[in-house]
Amino acid sequence: DSDNGFLNMKIAAEQGYVDAQHNLAGLYFLGKGVDQSPEAALLWYEKAASQDFSASYFPLGTIYRPGLGTTPDLAKTVKFYGAAAAAGDVDAQFEIGMMYWLGNEILPDETKAHDYLKQAADAGLSIAQYQYANFLENKNSDPTTINYYYLLAANQGHAMAQAIAGARVFDGIG
């Protein structure tokens, strides 16, 4: 039953098993089978991350960004999103890329924004493909490359990318 499963997972987490620490954190974060507790989620994600369990990096950044159960800490958000992005987490690549591009939470850095957004776009994340095309368009980049990324997103059903790609084709751009 779920009570025994939770208890066994908690015991394993307390014994240092990193998978159990990460999974226990997720249960606390979502409130699945246990009262939701961002503080407990933070504790267990940090334990897993301290053992270099890369799957815990993105959730930590997500917790620190708005300060769920803790004080907001954008330096830690960037640290954990960056570590997750380096480990290949496309959601982290997208989030940190947008943070660097928009610059409303951290200092803007167009080079980092470009690199992270391109990684996420090339990994197939449709919102990243759309935003990367938008980024390139704002930089007056090659129209063919811009169209390519809008079309990638459009082909995955991204409605704005479909509208923009269609308009660009109709207008003969790229």
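Residues numbered from 1 in each chain as written. Predicted model: local features only at pLDDT ≥ 70, side-chain atom pairs only at ≥ 80, totals over all residues. Heavy atoms only, no water.

(A) Just the packing of helix α6 (residues 90–102) against helix α8 (residues 126–138), in detail. In the contact formed by α6 and α8, the axes pass within 11 Å of each other and the chain directions differ by 25 degrees. As judged from the angle between their axes, α6 and α8 are roughly parallel. Crossing hand, α6 versus α8: left-handed. Seen from α6, the contacting residues are Phe94, Met98 and Trp101; seen from α8, they are Ile127, Ala128, Gln131, Asn134, Phe135 and Asn138. For the contact of α6 with α8, the residue count by class is six nonpolar, three polar and no charged. (Axes fitted to C-alpha atoms, helices over the stretch in contact; angles between N-to-C directions. Helix = DSSP H or I, 4+ residues; strand = E, 2+ residues; numbered from the N terminus. Parallel < 35°, antiparallel > 145°, perpendicular 65-115°, else oblique. Left-handed = near helix turned anticlockwise from the far one by under 90°. Contact = heavy atoms within 4.5 Å. Nonpolar A, V, L, I, M, F, W, Y, C, P; charged D, E, K, R; others polar.)

(B) Expanded view of helix α5 (residues 74–86). With 13 residues, α5 should reach 18 Å at 1.5 Å per residue; the first-to-last C-alpha distance of 18 Å fits that figure. Taken residue by residue, α5 has Thr77, Val78, Phe80, Tyr81, Gly82, Ala84 and Ala85 as its buried positions. Against α3 (38–49), α4 (57–64), α6 and α7 (110–122) lie the buried residues of α5. Here α5 starts with a cap whose side-chain oxygen sits 3.2 Å from the backbone nitrogen of Ala75, and that cap is Asp73. Among the residues trailing α5, Gly88 stands out with phi positive, at a value near 95 degrees. (Expected span 1.5 Å × (residues − 1). Buried < 20%, exposed > 50% of the residue type's maximum accessible area, 1.4 Å probe, protein only. Polar contact = N/O pair within 3.5 Å; in protein donor to acceptor, adjacent residues only side chain to side chain.)

(C) Examining the pattern of salt bridges more closely. Per the counting criterion, the structure on display carries five salt bridges. Close ionic contact of Lys118 with Asp122 constitutes a salt bridge, the shortest N to O distance being 2.5 Å. Here Lys118 and its partner Asp122 are both found in helix α7, four residues apart, which amounts to about one turn of the helix. The exposure class of Lys118 is partly exposed, given its relative accessible area of 30%. Residues joined in a network through salt bridges with shared partners are Arg65, Glu95 and Glu105. (Salt bridge = Lys/Arg side-chain N within 4 Å of Asp/Glu carboxyl O.)

(D) Quick look at unusual backbone geometry. One non-glycine residue, Asp52, lies in positive phi territory at about 60 degrees. Structurally, Asp52 is set in the loop between α3 and α4. If you check the backbone angles, Asn140 has positive phi at about 55 degrees while not being a glycine. If you trace the backbone, Asn140 turns up in the loop between α8 and α9 (143–155).

(E) Looking closely at the packing of aromatic side chains. In this structure the tally under the stated criterion is ten aromatic pairs. Measuring from ring centre to ring centre gives 4.7 Å for Tyr132 and Tyr149, while their planes differ by 90 degrees; the resulting arrangement is edge-to-face. Of the two residues, Tyr132 sits in helix α8 while Tyr149 sits in helix α9, which places them 17 residues apart along the sequence. In this structure Tyr149 comes out as buried when scored by relative accessible area, which is 5%. Put simply, the rings of Trp101, Tyr132, Phe135, Tyr148 and Tyr149 touch in pairs and so form one group of aromatic residues. Here Lys47 stacks its cationic end above the ring of Trp44, 5.6 Å away from the centre of that ring. (Phe/Tyr/Trp six-rings, centres within 6.5 Å; stacked < 30°, edge-to-face > 60°. Lys NZ or Arg CZ within 6 Å of the ring centre and 35° of its normal.)

(F) Fine view of the side chain of Asn147. Mapping Asn147 onto the fold places it in helix α9. Owing to a relative accessible area of 10%, Asn147 belongs among the buried residues under this scheme. Filtering out sequence-adjacent residues up to four positions away, Asn147 remains in contact with Arg168, Ile173 and Gly174.

In short, shape yes, function no, at least from these values alone.
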